[in-house]
Amino acid sequence: MTSKPLATIVSGGLSKFGRLKGKYAREIFMEAAEEAFNRCLNLDPKRDIEALFIGLMGESYERQAHTGPTMVDWMNLLPLPAARIESACASSGVALRYGIYALLSGMHDVVMVGGAEKMTHRTTPEVTEFLAMGADFPFEQWNGITFPGLYALMATAHMHRYGTREEQMAMVAVKNHRNGALNPKAHMRREVTLEQAMSSRVIAWPLKLYDCSLISDGASCLILTRPELAGKFTDTPVHIIGSGQASDAIGIYERSSLTNLAASKKAGREAYKMAGVKPREIDLAEVHDCFTIAEIMAYEDLGLCRPGEGGSLLEEGVTTLEGEIPVNTSGGLKAKGHPVGATGTAQAYEVYLQLTGGAGERQVKGAETGLTHNVGGSGASAVVHIYRRG
Amino acid sequence: MPEGNALPFTIESFYKFVGERRLMAAKCVECGTLLLPPRPTCVKCSSKDLRWIELLKKGRLITYTVIHTPPVQFQSMAPYVVGIVKLVDGPMLPGMIRNIKPEEVKIDMNLKVDFDATLSSKWPMWPRYFFRPL
């Protein structure tokens, strides 16, 4: 762990996640931005912030594209340069990486990265249609394959190849809801039992309602600076020490495997190598549990266990809050909620809280190294970051 | 040269063939790779020397799901089965599996390709292929 950090987080903010009735995405993003500004009183946003990169997946929800300047306008930071980054559900994870690019290029000293999505005012069939746009249109969407459908195809294949069981998938929901109940900003602060999860209605067999993440509203952001400047802003910096990103075929039928995500594996390997950290040396991780099978595949793709052993890892309790490597302490996309554009930087915000000792009832004691894993769509993009307490 | 070799190697052409009840892929003349969806350049050897070939309309089911929560335009059909089929010619193809009860669908079952000539009223106004039991 001798490599120089890529960038340093000096502050972060997260709105309440949930059904935020009557609020626009820009207004929700302001909530996150205000928290980040209030946490870092040495930062003068108008003077110090030099650019904004914001993740937002769909302009269909609010009939609003051009998110960069919209957010800058509402934060009263005109004429700050800004751009929207879109990589489906990995939009803000990728925006974070663009923030790192901006700092490493030498062009900027302080940048803001974040994400937002406002979804709950739309009907479920509308949201299903908008989300599916992150998957291949001419062969997948055209044949009625939905997002839960794509992960269900992977779940069926995983069950067939490795003997993974529906109960093991339900255990992801039980664990993440238990964590979410401890997170005041989570969409669903309610524990669920294995029986409830198993008996919930079918969405795309074998995936049931409790195998799916939530349709939520929310926003998140981080303030990044170059490591050598972090001391000007905070005494509790969190360094980003590894970053990896990869792409894969947009259609899952064109991929070599249906039981893992090659983009996750590649992004993970790159991030671990850059950070000089091994998978089991991570103290906690926020992984992309858009569906319960996705968390199981993430364990395997990120090297927390061998391929096919994700289900056993859950049964052994390795990834619970008290386990060896707690995963999704925030409640994950499953219980904290999944406002898609906000998710990547919301994961980073959770790791930031954990590494600065600010995670309250769900604090992982002595956490020094964390990981975030953000997947776009059905795995055509994935981005992994590794963090170390400053 | 088979008829239709003048069509460009695009997705649009693929669906034009579907409208003629033909399942067509691009074949690289250099290395023999089958491109489904068709692309203008071979993904394996980068050759642009391609020709259309008609595929056998048969394959084996690799994985499947039953969609109970559909997007707007498929609401009247739910629940319906979709899956990924490995065609006997090699490539994989996703699609709807019709003319079968969801509980009768099994991984590894043999399926054949059929066609639905109904054109959508909105863009992209394509016909559809689908799978059914042999």
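Definitions and cut-offs
- Residues numbered from 1 in each chain as written.
- Chains lettered and ligands numbered in written order.
- Predicted model: local features only at pLDDT ≥ 70, side-chain atom pairs only at ≥ 80, totals over all residues.
- Core = buried A, V, L, I, M, F, W, Y, C linked by C-beta atoms within 7 Å.
- Buried ≥ 20, exposed ≤ 12 C-beta atoms within 10 Å, placed from the backbone.
- Helix = DSSP H or I, 4+ residues; strand = E, 2+ residues; numbered from the N terminus.
- Contact = placed C-beta atoms within 7 Å.
- Axes fitted to C-alpha atoms, helices over the stretch in contact; angles between N-to-C directions.
- Parallel < 35°, antiparallel > 145°, perpendicular 65-115°, else oblique.
- Nonpolar A, V, L, I, M, F, W, Y, C, P; charged D, E, K, R; others polar.
- Expected span 1.5 Å × (residues − 1).
- Domains from an automatic or database assignment.

Topic: the nonpolar core
All names here are of chain A.
In step 1: By size, the foremost hydrophobic cluster in this structure holds 164 residues, and its most contacted members are Val111, Tyr151 and Leu222.
In step 2: At 9 residues, the largest contribution of residues to this core is made by helix H6 (residues 147-162).
In step 3: When neighbours within four sequence positions are excluded, Tyr151 is seen to be in contact with Leu207, Cys290, Phe291, Ile293, Ala294 and Ser378.
In step 4: Listed in part, the 5 residues of the second largest apolar core include Ala186, Met188, Leu214 and Ala335.

Some details on the packing of helix H4 (residues 91-104) of chain A against helix H13 (residues 343-355) of chain A
All names here are of chain A.
In step 1: Remark: H4 packs on H13, axes separated minimally by 5 Å, with the N-to-C direction vectors making an angle of 70 degrees. On the basis of the axis angle, H4 is roughly perpendicular to H13. For the pair H4 and H13, the contacting residues are Ser91, Ser92, Gly93, Val94, Ala95 and Leu96 in the first and Thr343, Gly344, Thr345 and Ala348 in the second.
In step 2: A breakdown of the residues in the contact of H4 with H13 according to their chemical character gives 4 nonpolar, 6 polar and no charged.

Concerning H13 of chain A
All names here are of chain A.
In step 1: Over its 13 residues, H13 runs 18 Å from end to end, which matches the ideal 18 Å to within 8%, given 1.5 Å per residue.
In step 2: Most of H13 is tucked away: 13 of the 13 residues are buried.
In step 3: Positive backbone phi, approximately 75 degrees, marks Gly357, located one or two places after H13.

Brief notes about helix H5 (residues 124-132) of chain A
Think of an α-helix as 3.6 residues a turn; residues three or four steps apart then line up on the same face.
In step 1: Burial in H5 of chain A covers these residues: Val127, Thr128, Glu129, Phe130, Leu131 and Ala132 of chain A.
In step 2: Those residues of H5 of chain A that are buried are in contact with H6 of chain A.

As for the domain arrangement of chain B
All names here are of chain B.
In step 1: Domain boundaries assigned for chain B yield domain 1 (11-54) and domain 2 (58-133).
In step 2: One C-alpha centre belongs to domain 1, the other to domain 2; they are set 21 Å apart.
In step 3: Between domain 1 and domain 2, the residue contacts involve 8 residues of the former and 10 residues of the latter.
In step 4: Among the elements that make up the side of domain 1 that touches domain 2, the one with the highest residue count is helix H1 (residues 11-19) (3 residues).
In step 5: Taken together, the residues of the side of domain 1 that touches domain 2 sort by class into 6 nonpolar, 1 polar and 1 charged.

As for the environment of Ala25 of chain A
All names here are of chain A.
In step 1: One can find Ala25 in helix H1 (residues 25-39).
In step 2: Judged by the 28 C-beta atoms lying within 10 Å of it, Ala25 is buried.
In step 3: Sequence separation between Ala25 and Thr67 is 42 residues; the distance between their C-alpha atoms is 9.2 Å.
In step 4: Each residue touching Ala25, except ones within four places of it in the same chain, is listed here: Leu56, Glu62, Ala116, Glu117, Lys118 and Ala219.

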